[in-house]
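Chain by chain, the residues:
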Amino acid sequence: MPSLKDLKNRIESVKNTRKITKAMQMVAAAKLRRAQDAAEASRPYTERFNAVLGGLAASVGGSDSAPKLLSGTGSDQTHLLVVMTAERGLCGGFNSNIAKLARLKAEELKAAGKTVKVLTVGKKGRDAIKRDLGDDFIGHVDLTEVKRVGYDNAQDIARDVLARFDADEFDVATIFFAKFVNVVTQVPTAQQIIPASFEGSEEEGTSTLYDYEPSEEAILADLLPRGVATQIFAALLENGASEQGARMSAMDNATRNAGDMIDKLTIQYNRSRQAVITSELIEIISGAEAL
């Protein structure tokens, strides 16, 4: 049975831990508002941009002059998985859920006889899948020193991915991130970015109302690389909001658990202290009766 001193030290230790988790919760709450606003502000632009590209892609169809980013390489043998996670932990299952989705996708592709390559963004994702997919790693993007993710960071990642595509290193690229819903809900998402895939785009035939100068193919050749960067930037913003929401929720749970543990330890301390006092009283009374 722990001594009174051990119980008192444990209570003080848990109280100090609760102060830390409470402070981290408040910091995450402050950062969440800004990250959430940035993620929500990017959605209308991203959706409309994809809708315009979808309309152009529908008008081009499967023509031989379609850009390579739209038509693909004609094969789907080699897949690039861009796993985007946080640089820091203590955010619940945020990182592990994204890594799990990427791991399942890699296992599915390998079972189908496909070649898998992995590019990680954020060291937590790299650490989570290193054991299972370490042999498939081809690169890593470190954002540890980045205080606030911007479009420049997304452009750097997009340039790397596009350069590898132009070098025929892969046929299909998919990004993995967490879509922010609210503080307690972040949905792990897989989105194909190469060849370009558009969902919820403009209805077919809408693009026939417009005359394009230059041609649709030329416009797509210029806009599709920007589309890749835009999708990556939107994913980074969604990840940023999801990370802060998950951390806020995780630290709130940790603070509550620390409070419950303090209550239990305090009860145990009081009982032990009462037992000691009772034992001392019995010894005093026994000694007095012996006299």
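Since we're looking at a predicted model, the values are computed, not measured.

## A short note on the pairing of strand β5 (residues 185-194)
Now for step 1: Both strand β4 (residues 172-182) and β5 contribute to a ladder of 9 bridges, which runs antiparallel. Directly across from Ala 173, in β5, lies its bridge partner Ile 194.
Now for step 2: Hairpin connection between β4 and β5: a loop of 2 residues separates the two successive antiparallel strands.

## Regarding the layout of surface pockets
Now for step 1: Its volume calculated, the largest pocket comes out at about 770 Å³.
Now for step 2: In terms of lining, the largest pocket is formed by 28 residues, of which the most central are Lys 147, Val 149, Gly 240, Glu 243 and Gln 244.
Now for step 3: Only α1 (4-60) and α6 (216-290) provide two or more residues apiece to the lining of the largest pocket.
Now for step 4: Sorting elements by how many residues they give to the lining of the largest pocket places α6 first, with 8 residues.

## Side note on the packing of aromatic side chains
Now for step 1: Evaluation of the coordinates by the stated rule reveals 3 aromatic pairs.
Now for step 2: With a centroid separation of 5.5 Å and 45° between ring planes, the pair formed by Phe 165 and Phe 170 is classed as tilted. Both residues of the pair, Phe 165 and Phe 170, count as buried.

## Observations regarding the sheet that holds β4
Now for step 1: In space, the 5 strands of this open sheet follow the order β3-β2-β1-β4-β5, with mixed pairing throughout. Two strands bound the open sheet, and with one partner strand each, they are β3 (137-141) and β5. Recorded for the sheet is a direction-independent mean angle of 25° between the axes of neighbouring strands.
Now for step 2: Most of the contacts of helix α4 (residues 123-133) go to β3, to which it runs at about 165°, and overall it touches β1 (78-84), β2 (115-121) and β3.
Now for step 3: Sitting on the sheet, α6 is in contact with β1, β2, β4 and β5, with an inclination near 40° to β4.

## Describing the environment of Ile 262
Now for step 1: Inspection of the secondary structure puts Ile 262 in helix α6.
Now for step 2: Taking the C-alpha atoms as reference, Ile 262 lies 15 Å from Ser 272; in sequence the two are 10 residues apart.
Now for step 3: Ile 262 has contacts with Ile 11, Val 14, Lys 15 and Arg 18, leaving out every residue within four places of it along the chain.

## Some details on the pairing of β3
Now for step 1: In this sheet, β3 lies alongside β2 in parallel orientation, the contact comprising 4 bridges. Counterpart to Leu 119 in the pairing with β3 is Gly 139.

The rules behind each value
- Residues numbered from 1 in each chain as written.
- Predicted model: local features only at pLDDT ≥ 70, side-chain atom pairs only at ≥ 80, totals over all residues.
- Heavy atoms only, no water.
- Pairing = 2+ DSSP bridges.
- Helix = DSSP H or I, 4+ residues; strand = E, 2+ residues; numbered from the N terminus.
- 1 Å grid on protein atoms, 1.4 Å probe; cavity = no way out; pocket = protein on both sides within 12 Å on 5 of 7 lines; lining within 4 Å.
- Points joined across faces, edges and corners; volume = space filled by probe spheres on them.
- Phe/Tyr/Trp six-rings, centres within 6.5 Å; stacked < 30°, edge-to-face > 60°.
- Buried < 20%, exposed > 50% of the residue type's maximum accessible area, 1.4 Å probe, protein only.
- Axes fitted to C-alpha atoms, helices over the stretch in contact; angles between N-to-C directions.
- Contact = heavy atoms within 4.5 Å.

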